[in-house]
Amino acid sequence: LVYVLKKEVPYLTSAEVIKILKKERNLYQLILKGGKKFLAKRIIITTNAKDTVKLLRNIYTKVELLEKINYPPLAVVSLAFRRKKGISYLQGFGFLVPQKEQRKILGAIFVSSLFQGRCPSEEICFSVFLCGETQKDLCNNLALEELESLAEKEIRALFPVGEKTLGRIKFY
């Protein structure tokens, strides 16, 4: 679908739009950083709600609805471990943790089984998700290093992994 659309529909990507104006005949005028302007019948906006509000304030009467969108904090910890010999490893996408399990992570993606080449063959890699709407207190009360340590502890409790070879955290 994406390739068909790309071939059939004129588009502009990676353009920094600084203003959108409503014009006659149901057209929109987009003003780009640097001053370039052009007209469009339709616009697809892929920014967060805060930035979208800035662009649509003058042309969309219900823009205040976007201001109510909540973005809970999210920490993503990338972890890699040496594989333990004789143990069959993870296949599939990953897992989500139901709240009733009372774990300190929301879930994880099995990066090493999903994306070939992202992890050395002798290692197993995870993207572990913490915080979110249900665990905001973790992000509010723990330092980044503590969140990374917590993710490692939770993965070790669930899977037989060897020595940690990588630990990185990204906070959103």
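Up top you'll find the structure we're talking about.
Residues numbered from 1 in each chain as written. Predicted model: local features only at pLDDT ≥ 70, side-chain atom pairs only at ≥ 80, totals over all residues. Heavy atoms only, no water.

### Focus: the layout of surface pockets
To find leftover empty space, a probe the size of one water molecule is rolled over the atoms.
Part 1 of the reasoning: Roughly 1000 Å³ of internal volume is contained in the largest pocket.
Part 2 of the reasoning: If you go around the largest pocket, you meet 28 residues; those closest to its centre are Tyr11, Leu12, Ile43, Ile44 and Ile45.
Part 3 of the reasoning: Of all the elements in the fold, those that place two or more residues in the lining of the largest pocket are helix 1 (2-8), strand 1 (17-23), strand 3 (37-40) and helix 2 (49-56).
Part 4 of the reasoning: Of the residues belonging to the lining of the largest pocket, the class tally is 18 nonpolar, four polar and six charged.
Part 5 of the reasoning: A volume near 190 Å³ is recorded for the second largest pocket.
Part 6 of the reasoning: Taken together, Val97, Pro98, Gln99, Gln102, Arg103, Lys104, Ile105, Leu106, Thr134, Gln135, Asp137 and Leu138 form the lining of the second largest pocket. (1 Å grid on protein atoms, 1.4 Å probe; cavity = no way out; pocket = protein on both sides within 12 Å on 5 of 7 lines; lining within 4 Å. Points joined across faces, edges and corners; volume = space filled by probe spheres on them. Helix = DSSP H or I, 4+ residues; strand = E, 2+ residues; numbered from the N terminus. Nonpolar A, V, L, I, M, F, W, Y, C, P; charged D, E, K, R; others polar.)

### Observations regarding the state of the cysteines
Covalent bonding between the sulfur atoms of two cysteines defines a disulfide.
Part 1 of the reasoning: Under the defined criterion, the tally for this structure stands at two disulfides.
Part 2 of the reasoning: Residue pairing for Cys119: its cysteine sulfur links by disulfide to Cys125, the two sulfurs lying 1.9 Å apart. The S-S bond linking Cys119 to Cys125 shows a torsion near 75°; that makes this disulfide right-handed. Taken as a pair, Cys119 and Cys125 share a single burial class, namely buried.
Part 3 of the reasoning: If the cysteines joined by disulfides in the protein are listed in sequence order, their pairing comes out as 1-2, 3-4. (Disulfide = S-S within 2.5 Å. Buried < 20%, exposed > 50% of the residue type's maximum accessible area, 1.4 Å probe, protein only.)

### Thoughts on the packing of aromatic side chains
Each pair of aromatic rings is reported with the distance of its centres and the angle of its planes.
Part 1 of the reasoning: Taken as a whole and judged by the stated rule, the model has six aromatic pairs.
Part 2 of the reasoning: When the ring of Phe95 is compared with that of Phe159, the centres are 5.7 Å apart and the planes differ by 55°; the resulting orientation is tilted. Placement of the pair is Phe95 in strand 5 (residues 94-96) and Phe159 in the loop between helix 6 (144-158) and strand 8 (164-171), with a sequence separation of 64 residues.
Part 3 of the reasoning: Given the relative accessible area of 17%, Phe159 is considered buried.
Part 4 of the reasoning: Consider the rings of Phe110 and Phe159, whose centres lie 5.8 Å apart with planes at 90°: the pair is edge-to-face. (Phe/Tyr/Trp six-rings, centres within 6.5 Å; stacked < 30°, edge-to-face > 60°.)

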